[in-house]
Amino acid sequence: MTIQIGDRIPPTTFVKATESGPEQVSSDEFFAGRKVALFSVPGAFTPTCSARHLPGYVEKADALKAKGVDEIACTAVNDAFVMGAWAKSADAGDVTMLSDGNGAFAKAVGLEFDGSKFGMGTRGQRYAMLVNDGVVEQLHVEAPGEFKVSSAEHMLENL
């Protein structure tokens, strides 16, 4: 079942890309007591994700924070090393990269998809959500092949 507005984020573990290496982070701790703009991409370094999705959140980070967002985070079914390398290549210092390497979070929120025909296996769908103290306040899931409602611009318009 897909997570809905008003639902609590399920307990899972991400791996956060940090300067000192991978660090495990529980979803309960990460989302507790603050407002997080979380967006999911099908894969680091993929065309739309690298050209538009991540750069949009990097460019709009100050505007999002001015509207009450405490943290901006990106998740993908990639390992923490790939997520860290992607952040560096995109100069994404204002975005916390959360590796969902085994797809546990994508499955827990019901937003996984089968990317096997692209050689990608099970991945997370493209979406954005606003999470306030662990509860989903906004959820914007893209239709397959689209990039509209999960953009930083759309998130800003809805804050």
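Please read all numbers here as calculations on a predicted model, not as lab measurements.

Criteria and cut-off values
- Residues numbered from 1 in each chain as written.
- Predicted model: local features only at pLDDT ≥ 70, side-chain atom pairs only at ≥ 80, totals over all residues.
- Heavy atoms only, no water.
- 1 Å grid on protein atoms, 1.4 Å probe; cavity = no way out; pocket = protein on both sides within 12 Å on 5 of 7 lines; lining within 4 Å.
- Points joined across faces, edges and corners; volume = space filled by probe spheres on them.
- Helix = DSSP H or I, 4+ residues; strand = E, 2+ residues; numbered from the N terminus.
- Nonpolar A, V, L, I, M, F, W, Y, C, P; charged D, E, K, R; others polar.
- Buried < 20%, exposed > 50% of the residue type's maximum accessible area, 1.4 Å probe, protein only.
- Contact = heavy atoms within 4.5 Å.

A.B. asks: Could you give me a rundown of the layout of surface pockets, with the residues and numbers involved?
C.D. replies: Taken as a whole, the largest pocket spans an internal volume of roughly 400 Å³. Lining the largest pocket are 16 residues, and of these Pro42, Phe113, Arg126, Pro144 and Gly145 sit closest to its centre. The element contributing the most residues to the lining of the largest pocket is helix 2 (residues 47-59), with three residues. Partitioned by chemical class, the residues of the lining of the largest pocket number nine nonpolar, four polar and three charged.

A.B. asks: Lay out the side chain of threonine 96 with the relevant residues and their values.
C.D. replies: Tracing the sequence through the fold places threonine 96 in strand 5 (residues 95-99). Here threonine 96 falls in the buried class, since its relative accessible area comes to 13%. Those residues in contact with threonine 96, other than ones at most four positions away along the chain, are Lys16, Phe30, Glu71, Ile72, Ala73 and Cys74.

A.B. asks: Any chance you could break down unusual backbone geometry for me, citing the residues and the numbers?
C.D. replies: Positioned with a positive phi, aspartate 91 is a non-glycine residue whose angle comes to about 50°. Here aspartate 91 is to be found in the loop between helix 4 (80-89) and strand 5. On the basis of relative accessible area, aspartate 91 is assigned to the exposed category, the value being 63%. Although it is not a glycine, aspartate 133 sits at a positive phi angle of roughly 50°. If you trace the backbone, aspartate 133 turns up in the loop between strand 8 (127-132) and strand 9 (135-141). Aspartate 133 gets classed as partly exposed once you look at its relative accessible area, which sits at 38%.

Such coordinate-based values are descriptive only and should not be taken to indicate function.
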